[in-house]
Amino acid sequence: MMCRKVLPCVRIWSDKCSSKYGRRRPFILAGSLMISVAVTIIGFSADIGYLLGDADEHHRNIKGT
């Protein structure tokens, strides 16, 4: 649903962008960074939930190998 509203705006902004890196590269970089952060948060969502007060039954202990 958000794609129908966000993507046209991003396309318009990127078409009007006059960066020295080009019109698309700054948006690709920003999108890649946001996706990386989102995937990291999703990966640690159980631990983040535990830190925010979620029940102990869903918490897993992270042990380095």
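Basis of the calculations
- Residues numbered from 1 in each chain as written.
- Predicted model: local features only at pLDDT ≥ 70, side-chain atom pairs only at ≥ 80, totals over all residues.
- Heavy atoms only, no water.
- Salt bridge = Lys/Arg side-chain N within 4 Å of Asp/Glu carboxyl O.
- Buried < 20%, exposed > 50% of the residue type's maximum accessible area, 1.4 Å probe, protein only.
- pLDDT = per-residue confidence, 0-100.
- Helix = DSSP H or I, 4+ residues; strand = E, 2+ residues; numbered from the N terminus.

1. Some remarks on the pattern of salt bridges
Evaluation of the coordinates by the stated rule reveals one salt bridge. Across the pair Arg-24 and Asp-15 runs a salt bridge whose closest N-O atoms are separated by 3.1 Å. With a relative accessible area of 42%, Asp-15 lands in the partly exposed category.

2. What to know about the confidence of the model for the protein chain
Taken as a whole, the protein chain shows an average pLDDT of 82; of its residues, 83% reach a score of 70 or greater. Mean pLDDT per element in the protein chain: helix α3 (residues 45-51) is the minimum at 81, and helix α2 (residues 25-43) is the maximum at 91.

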